[in-house]
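Structural overview for review
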Amino acid sequence: MSLGHFQFHEPSTTAEACALGLEFGRQSAFLAGGTELLVDLRSGRKKVNHVISLGHLNELKNIKIEENTLVIGALAPLTDIAECENVKNWFPALCDAIETMAGRQIRNRGTMGGNFCCGVPCSDTPPIACAARAEIVLAGPEGTRSVEAEKFVLAPRVTMLNPGEILTEIRIPQQPKNSGSSFQRFALRRGSALAVASVAAWVQMENGVISESRIFLGSVGPTPLLASEASSLVKDQKPGTELFAQAGTIAAKEAQPISDLRGSAEYRRDVVQVLTQRALQEACERAEGAK
Ligand SMILES: Cc1cc2nc3c(=O)[nH]c(=O)nc-3n(C[C@H](O)[C@H](O)[C@H](O)COP(=O)(O)OP(=O)(O)OC[C@H]3O[C@@H](n4cnc5c(N)ncnc54)[C@H](O)[C@@H]3O)c2cc1C
């Protein structure tokens, strides 16, 4: 199948790209790494008359630390993020999440901005970014705005992006002392396979007790889901196998999975139960500096 017929635009500034996006609206799509968009165009799931390449917006490819924030440009390739020393030191669970994704060729092209903007439930970077209280920066014809990462995806393939808006940055705040995170994922095979379920856990420890916790579930709901009851259950508790097992049971109840080719809803809940235990275990070990 062909990609269809469209006019190709190569704006050199974000403002120009936003203006084109506004002008052509739903008849257009922004192109970042193309690993999702080109598949959608080729399969006919998406049809547009205008493709607006973001490839010349070099300032959106940077990964940098600004005061107390790790700033990941929306167009930074996933490989660059996972291999960046600042990211490894600041928030290693994001590198873990990226390394589970696809194969290297896809990670060399695909971007974190694109992973958020496609809005699919099995995207791997949103759950861990949400757990870390990341902010998403959007630039549009009317200026820029910042939104909490966990509010960005509204429904499968539906995001907060308005016509002409571009995701420019993912901002991850400095992680407090004694905090730790973990991303756990299960797919039907190693290598390039989408997640059956994923769990991202973030904890903060004080005097051997979990003082804060945020558990997000991926691939088991329409958007990344905060497992609020499981997160509350572990708060003010000492880490331990029994506690993590209880949290896993609750997270499995909070999941909203569907049945599809990758697994039944029931199977996915079982997977969530196990992954939650693993994620909490690793997050606590990291918070205590053991890992
Ligand atoms: C073989 C294969 C395996 C894959 N495996 C995984 C996997 O394991 N885990 C996973 O999460 N994903 C996977 N994907 C999906 C995809 O690779 C990722 O979602 C990737 O991060 C998309 O980024 P991209 O830059 O290629 O996005 P693109 O394809 O360029 O764009 C995706 C969508 O987002 C929009 N968009 C992109 N960037 C912006 C922006 N900055 N502002 C506004 N809109 C924007 C585009 O218009 C388009 O609608 C896989 C894809 C393939 C083909």
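Residues numbered from 1 in each chain as written. Predicted model: local features only at pLDDT ≥ 70, side-chain atom pairs only at ≥ 80, totals over all residues.

Counting secondary structure elements, the protein contains 12 helices and 14 strands. A compact globule built from 291 residues would reach a C-alpha radius of gyration of about 19 Å, and the protein, at 19 Å, matches this within 12%. (Helix = DSSP H or I, 4+ residues; strand = E, 2+ residues; numbered from the N terminus. Rg over C-alpha atoms; globule rule 2.2 N^0.38 Å.)

Quick look at the nonpolar core now. Of all hydrophobic cores here, the largest spans 85 residues; its most connected members are Ala201, Ala251 and Val272. No other element matches strand β12 (residues 195-206), which puts nine residues into this core. In this structure Val272 touches Ala197, Val199, Leu217, Val220, Ala251, Ala252 and Ala255, once residues within four positions along its chain are discounted. (Core = buried A, V, L, I, M, F, W, Y, C linked by C-beta atoms within 7 Å. Buried ≥ 20, exposed ≤ 12 C-beta atoms within 10 Å, placed from the backbone. Contact = placed C-beta atoms within 7 Å.)

Let's shift gears to the sheet that holds β12. The strand order across the open sheet built from four strands is β11-β12-β13-β14, with neighbouring strands paired in antiparallel fashion. The open sheet has two edge strands with one neighbour each: β11 (179-187) and β14 (225-226). With two bridges joining them, strand β13 (residues 209-218) and β14 adopt antiparallel strand pairing. When the bridges of β14 are listed, Phe216 appears paired with Leu226. In the packing of helix α5 (residues 92-99) onto the sheet, the strands contacted are β11 and β12, and the crossing angle to β11 comes to about 10 degrees. Against the sheet, helix α12 (residues 265-287) contacts β11, β12 and β13, and its axis sits at roughly 30 degrees relative to β12. (Pairing = 2+ DSSP bridges. Axes fitted to C-alpha atoms, helices over the stretch in contact; angles between N-to-C directions.)

Right, let's talk about unusual backbone geometry for a bit. Phi is positive for Glu67, which is not a glycine, with a value near 50 degrees. Residues other than glycine seldom take positive phi values, yet Arg157 does so here, at roughly 65 degrees. Structurally, the position occupied by Arg157 is in the loop between β8 (153-155) and β9 (158-159). Classification of Arg157 as partly exposed rests on a count of 15 C-beta atoms within 10 Å.

Once the domains are mapped, the protein shows domain 1 (7-53), domain 2 (58-173) and domain 3 (179-287). In terms of residues, the side of domain 1 that touches domain 2 owes the most to one element, helix α1 (residues 14-24), which gives six residues. Considered class by class, the residues forming the side of domain 1 that touches domain 2 number six nonpolar, six polar and one charged. (Domains from an automatic or database assignment. Nonpolar A, V, L, I, M, F, W, Y, C, P; charged D, E, K, R; others polar.)

Let's shift gears to the packing of helix α11 (residues 241-254) against α12. At a closest axis distance of 8 Å, the pairing of α11 and α12 adopts a crossing angle of 140 degrees. With respect to α12, the axis of α11 lies oblique. Like other packed secondary-structure pairs, α11 and α12 cross with a definite hand, here right-handed. For the pair α11 and α12, contact is made by Phe244, Ala245, Ala247, Gly248, Thr249, Ala251 and Ala252 and by Arg269, Asp270, Val272, Gln273, Val274, Thr276, Gln277, Leu280 and Gln281, respectively. (Parallel < 35°, antiparallel > 145°, perpendicular 65-115°, else oblique. Left-handed = near helix turned anticlockwise from the far one by under 90°.)

Strand order in this open sheet of three strands is β1-β3-β2, and the pairing throughout is parallel. Looking at the sheet topology across the chains shown, the edges are occupied by β1 (7-9) and β2 (28-31). Neighbour-to-neighbour, the strand axes of the sheet open up by a mean angle of 20 degrees, direction not taken into account. Sheet analysis places β1 next to strand β3 (residues 50-53), joined by three bridges and oriented parallel. Bridge pairing in β3 links His9 to Ile52. Against the sheet, α1 touches β1, β2 and β3, its axis set at about 155 degrees to β2.

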